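# An overview of the molecular structure
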Amino acid sequence: MKRALITGITGQDGAYLAKFLIKKNYKVYGTFRRTSTPNFWRLKYLKILEKINLIPSDILDYGSIYQSIKISKPNEIYNLAAQSFVKVSFEQPSVTTELDGVSTLRYLEAIRLLNPKIKFYQASTSEIYGNQIKKKINEETKMLPSSPYGAAKLYSFHTVKIYRAAYNLFASNGILFNHESPIRGLEFVTRKVTNAAAQIKLGLIKKLELGNLDIFRDWGNAEEYVEGMWKILQHKNPDDFVVATGKSYSIRNLLSFSFSRLGLDWRKYVVQKKSLYRAVDVRHLLGDCKKMKKIIGWYPKIQFKDTVEQMVDEDLKRWTDKINGKSFPWDAENYPTNIKVVYRKRKKY
């Protein structure tokens, strides 16, 4: 039986990957950071919590990383743990750099010392490319990140390549473009929209506040993308791959898909606020997964509209169940809408 260690197993990708690997008969280990309130709702939602071996660990601490590998003795490590919210990276650039950049170096160094035969997957991101306006992005496209998050991930990307070349490690980067699901975090605009649409439909809230609506992203389906991660590590040679759909949609498209699913006109409920714009925003991202398709044999099948409608349906069901007094694994209760969060004011010099 193969053994896999997943960092960030409590996140969207970690939870779906754990479910996928369990079906593949892997013994799955997952690291989680100790907090006063454990965040296992996604694993409960997917009904796999009891099937996972959990290891408390912190990706900022080399000692706990080293111990997690010794305990799990993995054939494969999937490094998915990160501070993955772009806006937060402007508010907390130093922490983002440590979590998303330097932590990858710690894992690679631990693998080098403990067992160089371990296969390592690094979750990279389309944000390493920055603003490539209306240009289809592949593995050879110039990388010019536009956020501390993108810069930290670019550091990880090159660290993987360096350790692969210098120490002959099986270390691969999956450059994933945006991918969504019903268990996407409410910090992300897709889930923010589908959750609000459901609340508006049920009369729980009256409006949704958003920033720039003229942002285009290549949005895929998270369950499909974790299969791509696994296939990358099954290939005979380590390499770097863009994982994308080759289609881009705007925030306006997202709003239209979400609200029309519920028979609503989004223009009656959405309010744009300049304060919600990012300091520097990537306006357009569009990926080219030809290499992934040709070499790995993976390509996307689920359309973005179908994913959005699945998310809307699930958020509507959750809020309906909540109104009816049912108890279930969920995150929205931890995001009250009536609190005020004050962000650092940005100045231009």
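The structure we're discussing is the one just above.
None of these values were measured; they are calculated from a predicted model. (Residues numbered from 1 in each chain as written. Predicted model: local features only at pLDDT ≥ 70, side-chain atom pairs only at ≥ 80, totals over all residues. Heavy atoms only, no water.)

Here we come to the overall build of the protein. A tally of helices and strands in the protein yields eleven helices and 15 strands. Here the protein has a C-alpha radius of gyration of 20 Å; the compact-globule value for 349 residues is 20 Å, and the two agree. Viewed in the frame of its principal axes, the protein has a C-alpha envelope of about 55 × 45 × 40 Å. The buried share of the protein, taken over its 349 residues, is 53%. Looking at the protein alone, contacts between residues at least 24 apart form 80% of all its contacts between residues at least 6 apart. (Helix = DSSP H or I, 4+ residues; strand = E, 2+ residues; numbered from the N terminus. Rg over C-alpha atoms; globule rule 2.2 N^0.38 Å. Buried < 20%, exposed > 50% of the residue type's maximum accessible area, 1.4 Å probe, protein only. Contact = heavy atoms within 4.5 Å.)

So, on to the packing of helix H9 (residues 251-261) against helix H11 (residues 304-323). Running from amino to carboxyl end, H9 crosses H11 at an angle of 45°, the nearest separation of the two axes being 9 Å. Here H9 lies oblique to H11, going by the angle between them. For H9 against H11, the interelement crossing comes out right-handed. Where H9 approaches H11, its residues Leu 254, Phe 257, Ser 258 and Arg 261 are matched on the opposing element by Phe 304, Lys 305, Val 308, Glu 309, Val 312 and Asp 313. Along the lines of polarity and charge, the residues of the contact of H9 with H11 split into five nonpolar, one polar and four charged. (Axes fitted to C-alpha atoms, helices over the stretch in contact; angles between N-to-C directions. Parallel < 35°, antiparallel > 145°, perpendicular 65-115°, else oblique. Left-handed = near helix turned anticlockwise from the far one by under 90°. Nonpolar A, V, L, I, M, F, W, Y, C, P; charged D, E, K, R; others polar.)

One non-glycine residue with positive phi stands out, namely Asn 25, at about 70°. Here Asn 25 lies in the loop between helix H1 (12-23) and strand E2 (27-32). A positive phi angle, close to 45°, is found at Lys 73, a residue other than glycine. With respect to the helices and strands, Lys 73 occurs in the loop between helix H3 (62-72) and strand E4 (76-79). Overall, the relative accessible area of 57% leaves Lys 73 in the exposed class.

Once their charged atoms are close, side chains differing in charge can pair, the charge on each being opposite to the other. Enumeration according to the criterion identifies 21 salt bridges in this entry. Ionic pairing is found between Arg 191 and Asp 331, a salt bridge with its closest N-O pair at 2.9 Å. In this pair, Arg 191 sits in helix H7 (residues 189-201) while Asp 331 sits in the segment after H11, placing the two residues 140 residues apart along the sequence. Here Arg 191 falls in the buried class, since its relative accessible area comes to 0%. Asp 331 gets classed as buried once you look at its relative accessible area, which sits at 4%. The partner of Glu 309 in a salt bridge is Arg 261, with the nearest N and O atoms 3.3 Å apart. Of this pair, Glu 309 sits in helix H11 while Arg 261 sits in helix H9, and the two are 48 residues apart along the sequence. We classify Glu 309 as buried; its relative accessible area is 16%. (Salt bridge = Lys/Arg side-chain N within 4 Å of Asp/Glu carboxyl O.)

Note that Asn 253 resides in helix H9. Each C-alpha atom, one on Asn 253 and one on Asp 214, is 9.6 Å from the other, the two residues being 39 residues apart in sequence. In this structure the side chain of Asn 253 is engaged in a polar contact, spanning 2.9 Å, whose partner is the backbone nitrogen of Ser 250. (Polar contact = N/O pair within 3.5 Å; in protein donor to acceptor, adjacent residues only side chain to side chain.)

Inspection of every chain in the model, using the stated rule, returns 16 aromatic pairs. Grouped by ring-pair contacts, the aromatic residues Trp 219, Tyr 249, Phe 257 and Phe 304 constitute a single cluster. A cation over an aromatic ring shows up here: Lys 293 above the ring of Tyr 299, its NZ or CZ 5.3 Å from the ring centre. Lying across the ring of Tyr 299, Lys 301 places its NZ or CZ 4.7 Å from the centre. (Phe/Tyr/Trp six-rings, centres within 6.5 Å; stacked < 30°, edge-to-face > 60°. Lys NZ or Arg CZ within 6 Å of the ring centre and 35° of its normal.)

Moving on: the packing of H3 against helix H5 (residues 93-114). The packing of two helices is summarised by the inter-axis angle and the distance between the axes. At a minimum axis separation of 10 Å, H3 and H5 run at an interaxial angle of 45°. Classified by the interaxial angle, the pair formed by H3 and H5 is oblique. Our pair here, H3 against H5, has a crossing hand that is right-handed. Residues Tyr 62, Ile 65, Tyr 66, Ile 69 and Lys 70 of H3 pack against Ser 103, Arg 106, Tyr 107, Glu 109, Ala 110, Ile 111, Leu 113 and Leu 114 of H5. A class-by-class count of the residues in the contact of H3 with H5 yields nine nonpolar, one polar and three charged.

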